[in-house]
There are 2 protein chains.
Amino acid sequence: MRIGIIGLGLIGASLAKAFKNNSLYVWGIDKDDNAIEDLRSENIIDKGYSTIEEAKDELKESDFIFICVYPSMVKKILESIKPYLKEDQIVIDSASTKQKIVFFANKDPLLTKVFIGGHPLAGKENSGYKNSSADLFRGKIFFLVPSQEVTFLKIDKAKELIESIGARAMITTPIYHDITLAYISHLPQIIAYILADTSINRDRGKTFGTGFKDTTRIAKSPVPLWLDIIKENKTHILKSMRDFYSNFIRVYNAIEKEEWEELEKIFKTAREKRLKIEEINNEANKN
Amino acid sequence: MRIGIIGLGLIGASLAKAFKNNSLYVWGIDKDDNAIEDLRSENIIDKGYSTIEEAKDELKESDFIFICVYPSMVKKILESIKPYLKEDQIVIDSASTKQKIVFFANKDPLLTKVFIGGHPLAGKENSGYKNSSADLFRGKIFFLVPSQEVTFLKIDKAKELIESIGARAMITTPIYHDITLAYISHLPQIIAYILADTSINRDRGKTFGTGFKDTTRIAKSPVPLWLDIIKENKTHILKSMRDFYSNFIRVYNAIEKEEWEELEKIFKTAREKRLKIEEINNEANKN
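Thresholds, definitions, all that
Residues numbered from 1 in each chain as written. Chains lettered and ligands numbered in written order. Predicted model: local features only at pLDDT ≥ 70, side-chain atom pairs only at ≥ 80, totals over all residues. Heavy atoms only, no water. Domains from an automatic or database assignment. Buried area = accessible area lost by both parts, 1.4 Å probe. Salt bridge = Lys/Arg side-chain N within 4 Å of Asp/Glu carboxyl O. Polar contact = N/O pair within 3.5 Å; in protein donor to acceptor, adjacent residues only side chain to side chain. Nonpolar A, V, L, I, M, F, W, Y, C, P; charged D, E, K, R; others polar. Helix = DSSP H or I, 4+ residues; strand = E, 2+ residues; numbered from the N terminus. Buried < 20%, exposed > 50% of the residue type's maximum accessible area, 1.4 Å probe, protein only. Contact = heavy atoms within 4.5 Å. Pairing = 2+ DSSP bridges. Axes fitted to C-alpha atoms, helices over the stretch in contact; angles between N-to-C directions. Core = buried A, V, L, I, M, F, W, Y, C linked by side-chain atoms within 4.5 Å. Parallel < 35°, antiparallel > 145°, perpendicular 65-115°, else oblique. Left-handed = near helix turned anticlockwise from the far one by under 90°. Least-squares fit on C-alpha atoms with pLDDT ≥ 70 in both. Phe/Tyr/Trp six-rings, centres within 6.5 Å; stacked < 30°, edge-to-face > 60°. Lys NZ or Arg CZ within 6 Å of the ring centre and 35° of its normal.

Whenever I open this one, the domain arrangement of chain A confuses me. Can you help?
Interface size is commonly expressed as the accessible area that is lost once the parts come together. All names here are of chain A. The domain architecture assigned to chain A consists of domain 1 (2-172) and domain 2 (178-256). In total, domain 1 and domain 2 occlude about 1,400 Å² of area from one another, counting both sides; carbon and sulfur atoms represent 55% of this. By the criterion of area lost to domain 2, the three top residues of domain 1 are Tyr-70, Thr-97 and Glu-125, representing 43% of everything that side buries. In this assembly, domain 1 and domain 2 are joined by 0 salt bridges. Across the contact surface, domain 1 and domain 2 share 4 residue pairs in polar contact (both at pLDDT 80 or more). Here the side of domain 1 that touches domain 2 is built from residues that sort into 4 nonpolar, 6 polar and 3 charged.

If you want it as structure tokens, here you go:
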């Protein structure tokens, strides 16, 4: 099996390490020559290239090609590699939004047969290949969002490959994916930024407990990536923010009017939901 | 040194373990006989009692008495132990709000000399003595909020004791404490409940990443405790929620109107603030 990875940041380099651990042939492209050199010398990639043009023979002969770049860059990369692709290959990206990119692929006679939108729920606040690890995907959800003409055989192959590195493949549609992610990833990210901005002031230094630090940990994430994601998923994100807002107002009013029973009901529901997802996750990791 | 601990839950039992590690004499009161029995048999407390009446001789002879119960219970305990207290003792509580309780102590000729409001930033979402540990306070802030007539000598003794179990004592005023905590602890807690409530629905199961889980971890915390804290610190909490709300609206509008530069500015400020507190904390832990 030959695997190509375009973009060797945190996700791309972690995929390379994970596949290499399974003794697969892995090549990569990155504009950062240091990344290529470091990963090559550690035998994490077999071959490294600076441009798509340089890697065209590899592109032609690979079974899987992963595109691990910022969401807004995926289309451009797909356009550039298309001349070297054939129907029997599989191309997977790793961006946090799927609707726009899968709709784009659906309109192209070749891409609609080869492109599977991918999204590992395995981000970290520390980006770059230096923070990569072969274990990044272990036990994590990896969404697979196939284009319309992708065959079931290919979906199954992609699932198998993803699961061989310890991830839990979840096959779904572009719209379901983007709505879900607005609520479980993009909204929490935005809230973490707002909370960090609201609570941290110069005169309130040195006194942050573990609760606060965990709640705002993802506010350390790179801003350009998140601007990109928000641009791509604007409509669903605004919807999730309106839902958050109406719950926020319910809580504010309950506190202001001292409706303690109402407040207790809201908090208890929230707590039970949160305890439940731990259970579900523990179950899933046992299987 | 003789230390009494009233309420042997997560905080009380952790204090007992930490003091016991330093070979101090520790006795405790809890209404749960199992807690008393377990902690006694493991030599974490030297003596255990079910009621204040039973422990009155210990109360008279202790150097420090810690009150580790729900915020709304502290006053009642102070009233009950007062007949057995003398001027040279030190009484410290562990509740998350300090203004009401220290103002209460300031009005009493004896309590204003012996009571130091205490608050370790060392909560966990799992409560109870079974989750306690001697290391709970290591590297954590422990606020000390003295009543008006407490002498500097006593403040210094309290500081020394707190630091002997690895905590970082921070001496401050009741109002400063409660405003700060509204922003860095109570607001994040409320937001975590609201976020869990908004994002987790039955049809969006099984797909939560580490970012979401960390952001909402504290939503697993016990609800009765938080209702109690919110009742005690209502005014400051509502103020912090209004600040959060106005930042939330700024972000919502920037996304809706696609003012990406404005959004970038807000997120970058938030990110820099969040990175900064990590630095400050690392510095503090080095010293």
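Hey, could you run me through the pattern of salt bridges in this one?
Side-chain pairs of opposite charge can arise whenever the charged atoms involved come near each other. A complete count under the given rule lists 30 salt bridges over all chains for this structure. Arg2(B) is the partner of Glu58(B) in a salt bridge, and the nearest nitrogen-oxygen pair spans 3.5 Å. Taken together, the residues Glu58(B) in helix 3 (residues 56-61) and Arg2(B) in strand 1 (residues 2-6) connect sequence positions 56 residues apart. Accessibility expressed as a relative area gives 6% for Glu58(B), which makes it buried. Lys20(B) is the partner of Asp46(B) in a salt bridge, and the nearest nitrogen-oxygen pair spans 2.6 Å. Of this pair, Asp46(B) sits in the loop between helix 2 (33-41) and strand 3 (47-49) while Lys20(B) sits in helix 1 (residues 10-21), and the two are 26 residues apart along the sequence. In the salt-bridge network here, residues are joined through shared partners; they are Arg250(A), Glu262(A) and Lys265(A).

Would you mind showing me how to read the interface of chain A and chain B here?
Taken together, the 81 residues of chain A in the interface contact 81 residues of chain B. Of the roughly 8,200 Å² buried between chain A and chain B on both sides combined, carbon and sulfur atoms contribute 70%. Counting across the interface, chain A meets chain B through 6 salt bridges. Taken together, the connections running from chain A to chain B amount to 24 residue pairs in polar contact (both at pLDDT 80 or more).

Where do I start with unusual backbone geometry in this structure?
Residue and element names in this part refer to chain A. Positive phi, normally seen in glycine, also occurs at Ser-23, with a value near 60°. Examined against the element boundaries, Ser-23 turns out to sit in the loop between helix 1 (10-21) and strand 2 (25-29). Of the residues examined, Ser-23 reaches a relative accessible area of 64% and is grouped as exposed. Positive phi, normally seen in glycine, also occurs at Asn-43, with a value near 60°. The topology assignment puts Asn-43 in the loop between helix 2 (33-41) and strand 3 (47-49).

Is there a simple way to explain the sheet that holds strand 7 (residues 141-146) of chain B in this structure?
Sheets are built from strands that pair by backbone hydrogen bonding, the pairs being arranged parallel or antiparallel. Residue and element names in this part refer to chain B. Sheet architecture is open: 8 strands sit in the order 3-2-1-4-5-6-7-8, paired in mixed fashion. Two strands bound the open sheet, and with one partner strand each, they are strand 3 and strand 8 (168-171). Taking each pair of neighbouring strands and ignoring which way they run, the sheet shows an average axis angle of 25°. Direction of pairing for strand 5 (residues 90-93) relative to strand 6 (residues 115-120): parallel, over a ladder of 2 bridges.

Could you clarify how one ought to interpret the nonpolar core in this entry?
Across soluble globular proteins, nonpolar side chains have a tendency to be buried as a group. Ranked by size, the top nonpolar core spans 132 residues in total, and within it Ile81(A) and Ile81(B) carry the most contacts. Excluding anything up to four places from it in sequence, Ile81(A) contacts Ile6(A), Ile52(A), Leu59(A), Ile65(A), Ile67(A) and Val91(A).

What am I meant to see in the packing of helix 5 (residues 99-106) of chain B against helix 8 (residues 174-199) of chain B here?
Any two packed helices are characterised by the angle at which their axes cross and by the distance between the axes. All names here are of chain B. Running from N to C, helix 5 and helix 8 point in directions that differ by 165°, and their axes come no closer than 9 Å. It follows from the interaxial angle that helix 5 and helix 8 lie roughly antiparallel. Crossing handedness for the pair helix 5 and helix 8: right-handed. Along its contact with helix 5, which presents Gln-99, Val-102 and Phe-103, the element helix 8 presents Pro-174, Ile-175 and Asp-178.

How do you make sense of the pairing of strand 1 of chain B when you look at a structure like this?
Two faces belong to every sheet, and in a regular strand the side chains alternate between them. Residues and elements named next belong to chain B. Among the 5 residues of strand 1, 4 are classified as buried, and the element is accordingly described as predominantly covered. Across 5 bridges, strand 1 lies against strand 2 (residues 25-29) in parallel orientation. Bridge pairing in strand 2 places Ile-5 opposite Gly-28. With 4 bridges connecting them, strand 1 and strand 4 (residues 64-67) associate as parallel partners. Counterpart to Gly-4 in the pairing with strand 4 is Ile-65.

Help me out: how do you make sense of the relation of the copies chain A and chain B in this one?
Each of the two chain copies goes to the other by way of a rotation about an axis and a shift along it. For the match of chain A to chain B, the screw axis carries a shift of 0.0 Å, the RMSD comes to 0.0 Å, and the turn is 180°. Accordingly, the operation relating the two chain copies is best matched by a two-fold axis. Ranked by how close their C-alpha atoms come to the rotation axis, the residues of chain A are headed by Thr215(A), at 2.0 Å. Here 100% of the interface residues in chain A have copies in chain B that are interface residues too; the copies meet face to matching face.

Quick question: what am I supposed to make of the side chain of Gln99(B) here?
Residue and element names in this part refer to chain B. Mapped onto the elements, Gln-99 comes out in helix 5. The exposure class of Gln-99 is buried, given its relative accessible area of 19%. In contact with Gln-99, not counting residues within four places along its chain, are Pro-174, Ile-175, Asp-178 and His-236.

Would you mind going over the packing of aromatic side chains with me for this structure?
The geometry of two aromatic rings is summed up by the distance between their centres and the angle between their planes. Taken as a whole and assessed by the stated rule, the structure comprises 20 aromatic pairs over all chains. Ring geometry for Phe137(A) and Phe142(A): centres 6.2 Å apart, planes at 45°, overall tilted. Put simply, the rings of Phe244(A), Tyr245(A), Phe248(A), Phe244(B), Tyr245(B) and Phe248(B) pair up and form one aromatic cluster. Above the plane of the ring of Tyr25(A) lies Arg2(A), whose end atom (NZ or CZ) is 4.1 Å from the centre.

How do you make sense of the sheet that holds strand 7 (residues 141-146) of chain A when you look at a structure like this?
Residue and element names in this part refer to chain A. Across the sheet, which stays open at both edges, the 8 strands sit in the order 3-2-1-4-5-6-7-8 with mixed pairing between neighbours. Each end of this open sheet is capped by a strand with a single partner; those strands are strand 3 and strand 8 (168-171). On average, adjacent strands in this sheet sit at an angle of 25° to one another, irrespective of strand direction. Relative to strand 7, strand 6 (residues 115-120) runs antiparallel, the two being bridged by 5 bridges. Bridge pairing in strand 7 places Gly-117 opposite Val-145.

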